[in-house]
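Chain by chain, the residues:
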Amino acid sequence: MRMTVDDAIVYGKGRVHSDLAKMLLADLMGINSLELLMHLDEEVDEEILEVYKYRVDELKKGRPIQYIIGNVNFCGNTLEVNENVLIPRFETELLVKETIDRIKRDFPHPIKLIDLGCGSGAIGLSIKKELSDVDVTLLDISEGALEVAQRNACNLKLDVHFCKNDMLNGIDERYDVIISNPPYIRTDEEIEDIVKNNEPHLALYGGVDGLDYYRQILSNVSKNISDQYLIAFEIGDLQREAILALANEYLTDFNFECLKDYSSRDRIVFISNK
Ligand code: GLN
């Protein structure tokens, strides 16, 4: 059956949130949701309509729109995402922005940075895009995630290194900045179905107390930090004190700073010796 853009929107609205329906249709037509309104009377191409209906169905079944469309905007860049990587969150943009500010302020010389558990590459690539002379390494244990990160680096024309490894285990290299948004959800924590049913559990869960990866990173981090260093973490909103305790256990003479996210919850931690 033939449909105009308007008909297609009505079709979508009957099944999913109207904004999301418009986003799906606009994406397939190669325009944005606002431009869609200028084409309301036009007939939708048959192939597009077919894919659109399929995608509306996927959305209705609970698949995140970012995986359906296949990309997200993060810090102003378009990044490919698929089921092998976590969908980058707004809070993580804050981690990137605040870290860039600190690199500019505290490190006047060229530095080496590693993004641990890089997923799509959102963090490391956004930093490289902004600070081109930072030597950036993206590390993940997941081959599937590294493939996505590699394609994102290539699309953004960013020259970075890739490393497949379990955090810093067995790595002796020193870095000026170690940054990570590791999995930090507790095993028994209730999370939204759309997250739990779609996003990689490897990127979400951090063990019984959610702290496994901070413990893994911090317990050996002294072998991987330069004389002057910055460790930047995204954290779960109730993990601040536990992470401070871990830092106290494994590091000496450091500064500890915690920033809140847009919902006023503890979300970002900086550990540094400056
Ligand atoms: N912020 C993500 C969430 O709340 C979790 C990301 C993570 O564990 N690092 O779903």
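Coordinates for the structure precede this section.
Residues numbered from 1 in each chain as written. Predicted model: local features only at pLDDT ≥ 70, side-chain atom pairs only at ≥ 80, totals over all residues. Heavy atoms only, no water.

**Comments concerning unusual backbone geometry**
At step 1: Positive phi, normally seen in glycine, also occurs at Lys-157, with a value near 55°.
At step 2: We classify Lys-157 as exposed; its relative accessible area is 74%. (Buried < 20%, exposed > 50% of the residue type's maximum accessible area, 1.4 Å probe, protein only.)

**Quick look at the site of the ligand**
At step 1: Within the structure, the ligand sits among Leu-86, Arg-89, Asn-181, Pro-182, Pro-183, Tyr-184, Ile-185, Ala-203, Leu-204 and Glu-234.
At step 2: At a separation of 2.7 Å, an oxygen atom of the ligand approaches a polar side-chain atom of Arg-89.
At step 3: Within the backbone of Leu-204, an N or O atom sits 3.3 Å from an oxygen atom of the ligand.
At step 4: Coverage of the ligand by the protein chains reaches 86% of its 300 Å² of free accessible surface.
At step 5: Along the lines of polarity and charge, the residues of the shell around the ligand split into seven nonpolar, one polar and two charged. (Near = heavy atom within 4 Å. Polar contact = N/O pair within 3.5 Å; in protein donor to acceptor, adjacent residues only side chain to side chain. Areas by Shrake-Rupley, 256 points an atom, 1.4 Å probe, with all protein chains shown as cover. Nonpolar A, V, L, I, M, F, W, Y, C, P; charged D, E, K, R; others polar.)

**As for the packing of helix H1 (residues 5–13) against helix H4 (residues 46–60)**
At step 1: Their axes nearest at 10 Å, the elements H1 and H4 cross at an angle of 15°. When the interaxial angle is binned, H1 and H4 end up roughly parallel. Considering only the axes of H1 and H4, their crossing is right-handed. Counting all contacts with H1, which are made through Ala-8, Ile-9, Tyr-11 and Gly-12, the residues of H4 involved are Leu-49, Tyr-52, Lys-53 and Val-56.
At step 2: Looking at side-chain class alone, the contact of H1 with H4 contains six nonpolar, one polar and one charged residues. (Axes fitted to C-alpha atoms, helices over the stretch in contact; angles between N-to-C directions. Helix = DSSP H or I, 4+ residues; strand = E, 2+ residues; numbered from the N terminus. Parallel < 35°, antiparallel > 145°, perpendicular 65-115°, else oblique. Left-handed = near helix turned anticlockwise from the far one by under 90°. Contact = heavy atoms within 4.5 Å.)

**Points about the sheet that holds strand E6 (residues 175–180)**
At step 1: Across the sheet, which stays open at both edges, the seven strands sit in the order E5-E4-E3-E6-E7-E9-E8 with mixed pairing between neighbours. Either end of the sheet is taken by a strand with one partner, and the two such strands are strand E5 (161–164) and strand E8 (255–260). If you compare each strand with its neighbour and ignore which way they point, the axes differ by 15° on average.
At step 2: Taken together, the five bridges between strand E7 (residues 225–234) and strand E9 (residues 266–272) define a ladder with antiparallel strand orientation. Its bridge partner lying in E9, Phe-233 is registered against Val-269.
At step 3: On the sheet, helix H6 (residues 90–106) packs against strand E3 (112–116), E6, E7, E8 and E9 and is oriented at approximately 160° with respect to E7.
At step 4: On the sheet, helix H11 (residues 212–219) packs against E3, E6, E7 and E9 and is oriented at approximately 180° with respect to E7. (Pairing = 2+ DSSP bridges.)

**Section: the state of the cysteines**
At step 1: In total, this model carries zero disulfides according to the counting rule given.
At step 2: For the unlinked cysteine Cys-163, the closest cysteine sulfur is that of Cys-118, found at 9.5 Å.
At step 3: With a relative accessible area of 22%, Cys-163 lands in the partly exposed category.
At step 4: Left unpaired, Cys-258 is separated from the closest cysteine sulfur, that of Cys-75, by 19 Å. (Disulfide = S-S within 2.5 Å.)

**Brief notes about the nonpolar core**
At step 1: Among the nonpolar cores identified, the biggest contains 39 residues, and Ile-103, Leu-113, Leu-125 and Ile-127 are the most heavily contacted of them.
At step 2: Going through the elements one at a time, strand E1 (71–74), H6, helix H7 (122–130), strand E4 (135–140), helix H8 (143–155), E6, E7 and E9 are the ones with two or more residues in this core.
At step 3: Apart from residues no more than four positions distant in its own chain, Ile-127 is found in contact with Val-96, Thr-99, Ile-100, Ile-103, Leu-113 and Ile-179.
At step 4: Core analysis: the next-biggest nonpolar cluster, separate from the first, contains 34 residues, Leu-116, Ile-171, Phe-233 and Cys-258 among them. (Core = buried A, V, L, I, M, F, W, Y, C linked by side-chain atoms within 4.5 Å.)

**As for the pairing of E3**
At step 1: In terms of burial, E3 is a largely internal element, four of the five residues being buried.
At step 2: Sheet analysis places E3 next to E4, joined by five bridges and oriented parallel. Of the residues in E4, the one forming a bridge with Ile-114 is Thr-137.
At step 3: Of the strand pairs in this sheet, E3 and E6 are connected by four bridges, and their pairing is parallel. Bridging from a neighbouring strand, Ile-114 pairs with Ile-178 of E6.

**Thoughts on the packing of aromatic side chains**
Two aromatic rings are characterised by how far apart their centres lie and by the angle between their planes.
At step 1: Under the defined criterion, the tally for this structure stands at two aromatic pairs.
At step 2: Measuring from centroid to centroid gives 6.4 Å for Tyr-11 and Tyr-52, while their planes differ by 55°, and the two rings are tilted. Pair noted here: Tyr-11 is in helix H1 and Tyr-52 is in helix H4, with a separation of 41 residues, a long-range link. For the pair formed by Tyr-11 and Tyr-52, the shared burial category is buried.
At step 3: A centroid spacing of 5.1 Å and a plane angle of 80° characterise the contact between Tyr-214 and Phe-233, whose relative ring orientation is edge-to-face. In this pair, Tyr-214 is assigned in helix H11 and Phe-233 in strand E7, connecting sequence segments 19 residues apart. (Phe/Tyr/Trp six-rings, centres within 6.5 Å; stacked < 30°, edge-to-face > 60°.)

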